[in-house]
Amino acid sequence: MNDQSHRAPQDKVCGYEYTVRRGDSFYLIANRLGIPLRDLLEANSHINPARLMVGDVLCIPMEEDDKPPEQEAPETAPAPEAPVPETPAEEAPVEPPQEFYPDMSDNLDQPAKPPEGATEEGECPEENRYAVHQGESIADIQLRADVNRYTLEKANPSLDIDMLTAGQTLCVPKESTPCPHGATYILQKDETLESVALRLNTSLAALLRANPCLAPSDFVAGRCIDIP
């Protein structure tokens with residue numbers, strides 16, 4: 001670890017610290033840890049999102065809800081006069097938790113039911129069927145598959161892709177489908193999805209939604225994007 005890596009300020013109150021790994025971004029870390037992106041950025045305002053480096057130590061803020069609630073002394077209830085013995089109920093069998101596959105390639109190899117978004121049976125090829133993970137959003141699937149939102153909307157016309165549920169089958173084509181554009185902004189050198197979202201005062205999801213023709217990897221210098 002070099003001495004130039006960023007570290008959380010000494011006076012910052014953090015729930016805990018997180019060390020940046022290869023491939024991390026503010027959006028992916030906030031999504032993985034289940035905290036709002038704005039809270040994570042405010043807790044680490046000393047770090048430029050466009051200059052996030054492997055080995056940087058981030059302050060992970062603690063929500064008020066994370067604090068253990070104060071327990072109140074239980075009220076003393078009068079003892080029953082004559083307790084009636086109860087017949088023990090049969091215990092329901094415990095079902096094992098549903099497993100999700102760690103990455104998209106493994107997931108696509110598993111048999112899946114026809115996508116709910118397909119207009120006709122068999123319209124989506126078997127290799128393009130994808131089971132949605134627990135807590136996964138359409139933006140996560142875009143980042144995982146590197147396709148634009150317009151492609152997913154066209155492949156799943158009867159689904160509300162902003163209201164996905166765990167285990168739901170989605171049709172995810174291998175390549176993006178091009179589409180027309182609207183009011184724009186040209187990406188500058190070294191700008192990232194996170195830094196552009198901050199500059200335009202919007203969220204990452206809104207930026208992807210406003211540019212359904214672009215995959216996450218298409219946000220490069222010189223690219224003209226639509227402003228949400």
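Residues numbered from 1 in each chain as written. Predicted model: local features only at pLDDT ≥ 70, side-chain atom pairs only at ≥ 80, totals over all residues. Heavy atoms only, no water.

Engineer: How should unusual backbone geometry be read in this particular structure?
Structural biologist: The bulk of non-glycine residues show a negative phi, and the bulk of peptide bonds are trans. One non-glycine residue, Asp146, lies in positive phi territory at about 55 degrees. By secondary structure assignment, the location of Asp146 is in the loop between helix H4 (138–145) and helix H5 (149–155). Overall, the relative accessible area of 34% leaves Asp146 in the partly exposed class. In this structure, Asp190 takes a positive phi of about 70 degrees despite not being glycine. Assessed through its relative accessible area of 47%, Asp190 is described here as partly exposed. (Helix = DSSP H or I, 4+ residues; strand = E, 2+ residues; numbered from the N terminus. Buried < 20%, exposed > 50% of the residue type's maximum accessible area, 1.4 Å probe, protein only.)

Engineer: Explain the environment of Glu123 here, please?
Structural biologist: Mapped onto the secondary structure, Glu123 falls in the loop between helix H3 (104–109) and strand E3 (129–131). We classify Glu123 as partly exposed; its relative accessible area is 43%. Taking the C-alpha atoms as reference points, Glu123 and Ala155, separated by 32 residues in sequence, lie 8.9 Å from one another.

Engineer: What exactly am I supposed to notice about the nonpolar core here?
Structural biologist: In summary, soluble globular proteins display a tendency toward joint burial of nonpolar side chains. Within the largest apolar cluster, 13 residues are counted, with the highest numbers of intra-cluster contacts made by Tyr185, Leu187, Leu193, Val196, Leu207, Phe219 and Ile225. Where this core is concerned, the elements lending two or more residues are helix H6 (193–199) and helix H7 (204–210). Contact partners of Leu207, with chain neighbours within four places excluded, come to Leu193, Val196, Ala197, Leu200, Phe219, Ile225, Asp226 and Pro228. (Core = buried A, V, L, I, M, F, W, Y, C linked by side-chain atoms within 4.5 Å. Contact = heavy atoms within 4.5 Å.)

Engineer: Even after reading the chapter, I still don't get the state of the cysteines, so can you show me in this structure?
Structural biologist: Note on terminology: a disulfide is the covalent bond linking the sulfur atoms of two cysteines. Going through the model one piece at a time under the given rule, you end up with two disulfides. Bridging Cys14 to Cys59, the disulfide has an S-S length of 1.9 Å. Judged by the sign of its S-S torsion, about -120 degrees, the bond between Cys14 and Cys59 is left-handed. Of the two residues, Cys14 sits in the segment before strand E1 (16–19) while Cys59 sits in strand E2 (residues 57–60), which places them 45 residues apart along the sequence. Accessibility expressed as a relative area gives 0% for Cys59, which makes it buried. In this model, Cys124 is linked to Cys171 through a disulfide, with the two sulfur atoms separated by 2.1 Å. Classification of the bridge connecting Cys124 and Cys171 rests on its S-S torsion, roughly 95 degrees, and on that basis the disulfide is right-handed. Of this pair, Cys124 sits in the loop between H3 and E3 while Cys171 is found in strand E4 (residues 169–171), placing the two residues 47 residues apart along the sequence. Residues Cys124 and Cys171 agree in their burial class; the two are buried. (Disulfide = S-S within 2.5 Å.)

Engineer: Sorry, what's going on with the pairing of E2 here?
Structural biologist: Along any regular strand, the residues point their side chains to alternate faces of the sheet. Where burial is concerned, the two faces of E2 agree: the one with Val57 and Cys59 and the one with Leu58 and Ile60 are both buried. Here E1 runs beside E2; their pairing, made up of four bridges, is antiparallel. The residue bridging Thr19 from the neighbouring strand is Val57, located in E2. (Pairing = 2+ DSSP bridges.)

Engineer: Teacher, can you tell me more about the environment of Asp146 here?
Structural biologist: Distance in space between the C-alpha atoms of Asp146 and Glu175 is 8.1 Å, their sequence separation being 29 residues. Apart from residues lying up to four places away in sequence, Asp146 is in contact with Ile141, Ser176, Ala215, Pro216 and Ser217. A polar contact of 2.8 Å, which involves the side chain of Asp146, links it to the side chain of Ser217. (Polar contact = N/O pair within 3.5 Å; in protein donor to acceptor, adjacent residues only side chain to side chain.)

Engineer: Is there a simple way to think about H4 in this case?
Structural biologist: Each full turn of the α-helix corresponds to 3.6 residues, which orients residues three or four apart in the same direction. Counting buried positions over the eight residues of H4 gives six, a clear majority of the element. Of all the residues in H4, the buried ones are Ile138, Ala139, Asp140, Ile141, Gln142 and Ala145. Immediately downstream of H4, the backbone of Asp146 shows phi near 55 degrees, a positive value.

Engineer: What am I meant to see in the packing of helix H1 (residues 26–33) against H4 here?
Structural biologist: The description of two packed helices rests on the angle between their axes and on the distance between the axes. At a minimum axis separation of 12 Å, H1 and H4 run at an interaxial angle of 125 degrees. Put simply, H1 runs oblique to H4. Two packed elements cross with a definite hand, and for H1 against H4 that hand is left-handed. Touching Tyr27, Leu28 and Asn31 of H1 are Ala139, Asp140 and Leu143, all from H4. (Axes fitted to C-alpha atoms, helices over the stretch in contact; angles between N-to-C directions. Parallel < 35°, antiparallel > 145°, perpendicular 65-115°, else oblique. Left-handed = near helix turned anticlockwise from the far one by under 90°.)

Engineer: What's the story with the pattern of salt bridges in this structure? I'm lost.
Structural biologist: Oppositely charged side chains are able to pair whenever their charged atoms sit close together. Taken as a whole and assessed by the stated rule, the structure comprises seven salt bridges. Salt-bridge contacts for Arg32 lead to Asp24; the nearest nitrogen and oxygen are separated by 3.3 Å. Given the relative accessible area of 15%, Asp24 is considered buried. A salt bridge links Asp190 to Arg51; the nearest nitrogen and oxygen atoms lie 3.9 Å apart. Residue Asp190 is located in the loop between strand E5 (184–186) and H6, and its partner Arg51 is located in the loop between helix H2 (37–43) and E2; the two are separated by 139 residues in the primary sequence. What makes Arg51 partly exposed here is its relative accessible area of 45%. (Salt bridge = Lys/Arg side-chain N within 4 Å of Asp/Glu carboxyl O.)

Remember that the coordinates give geometry; whether it matters functionally is a separate question.
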